[in-house]
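# Residue-level structural notes
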Amino acid sequence: MSRVKATVDFIHTWQHPDEIADEVESELRFHVQMRTRANIEAGMTPEAAQLSAEQSFGDFNRVKDSCCEIKRGFPFDLKHIRMGLYIVIACIAGGVALVAINLPHHSPFSVLWQLVAIAVLLRSFLVGRRKQ
Amino acid sequence: MSKAKAGLLQGTLDMLILKALALGPLHGYGIGQRIAQISGDELKIEEGSLYPGLYRLERRGWIESEWDVSENNQRAKFYKLTRAGRKQLIIEEQNWERLASATMKALRAN
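The structure contained in this document is the topic of the report that follows. Computed from a predicted structure; not experimentally measured.

### Points about the overall build of chain B
Along its length, chain B carries four helices and three strands. Reading chain B from its N terminus to its C terminus gives the helix and strand order α-β-α-α-β-β-α. Overall, chain B is about 60 × 35 × 20 Å in size when its C-alpha atoms are taken along their principal axes. Going through the 110 residues of chain B one by one, you find that 29% of them count as buried. Pairs at least 24 residues apart make up 52% of the contacts formed inside chain B by residues separated by at least 6 positions.

Right under this line is the structure:
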């Protein structure tokens, strides 16, 4: 699943939770129906076939809930997002440092900005190293 | 192997699903059937447990699904392997072979 499709699916799942639950249920029901049909073809009575199909499937509601939960789950790895965020912060800090360098050097304001930028860059670098 | 059907080792189900889908697109029920068929009916899978596995694999981008019409004209969700899934299957097969051969070596040691 591409990142774009995963994002679209994720948003759709949260916008239409009932639709997703119905879709999962249809899929699981289809499975039970197919198994029932196979059992009947193997010589069981329709009632016994249905019962056996439900038993071999396991806990229907638990399976349905697990599937819905996976569907609702966040599609991206949080550590990648965190790392992306650190990179963005580091880029901003780099930009701030560049701007600060171009300010008159005797200004306390430029010194302060440069120190802040250096601190943020250093922090991002250390966090980045720790994540590896 | 004995007459009793073997339960699945942790993590094996994902590989078996990928393997079943490597042979062509299938719906969930068909995947269960194909796993039974390719394992010579030796592996015991609780049928419902296939589905969370399928959803997880789809979330990882290793398989994709679409609704279509089944062999008995019912609406069913079909799964197929993606390119990433095909690569993952090769990795899983290699890991499995390495693990199996190391385990056998350990068991045969005097």
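The rest of the description comes next.
### Topic: the environment of Asp 9 of chain A
Note on placement: Asp 9 of chain A falls in helix 1 (residues 3–15). Taking the number of C-beta atoms within 10 Å as the measure of exposure, Asp 9 of chain A has 16 and is therefore partly exposed.

### Overview of the nonpolar core
Counting residues in each nonpolar core, the largest one holds 22 residues, and the members touching the most others are Ile 17, Ala 20, Leu 21, Ile 31, Tyr 51, Leu 54 and Ile 63 of chain B. Taken together, the elements giving at least two residues each to this core come down to helix 2 (17–41) and helix 4 (60–72) of chain A together with helix 1 (12–22), helix 2 (28–38), helix 3 (50–60) and strand 3 (75–81) of chain B. With six residues, helix 1 of chain B is the largest single contributor of residues to this core. Residues within four places of Leu 54 of chain B in sequence aside, it is in contact with Ile 17, Gly 28, Ile 63 and Tyr 79 of chain B.

### Overview of the interface of chain B and chain A
Across the contact, 18 residues belong to chain B and 19 residues belong to chain A. Every element with two or more residues in the side of chain B that touches chain A is listed here: helix 2, helix 3 and strand 3 of chain B. Here the side of chain B that touches chain A takes six residues from helix 3 of chain B, the largest share from any one element. Taken together, the residues of the side of chain B that touches chain A sort by class into five nonpolar, six polar and seven charged.

The rules we used
- Residues numbered from 1 in each chain as written.
- Chains lettered and ligands numbered in written order.
- Predicted model: local features only at pLDDT ≥ 70, side-chain atom pairs only at ≥ 80, totals over all residues.
- Helix = DSSP H or I, 4+ residues; strand = E, 2+ residues; numbered from the N terminus.
- Buried ≥ 20, exposed ≤ 12 C-beta atoms within 10 Å, placed from the backbone.
- Contact = placed C-beta atoms within 7 Å.
- Core = buried A, V, L, I, M, F, W, Y, C linked by C-beta atoms within 7 Å.
- Nonpolar A, V, L, I, M, F, W, Y, C, P; charged D, E, K, R; others polar.

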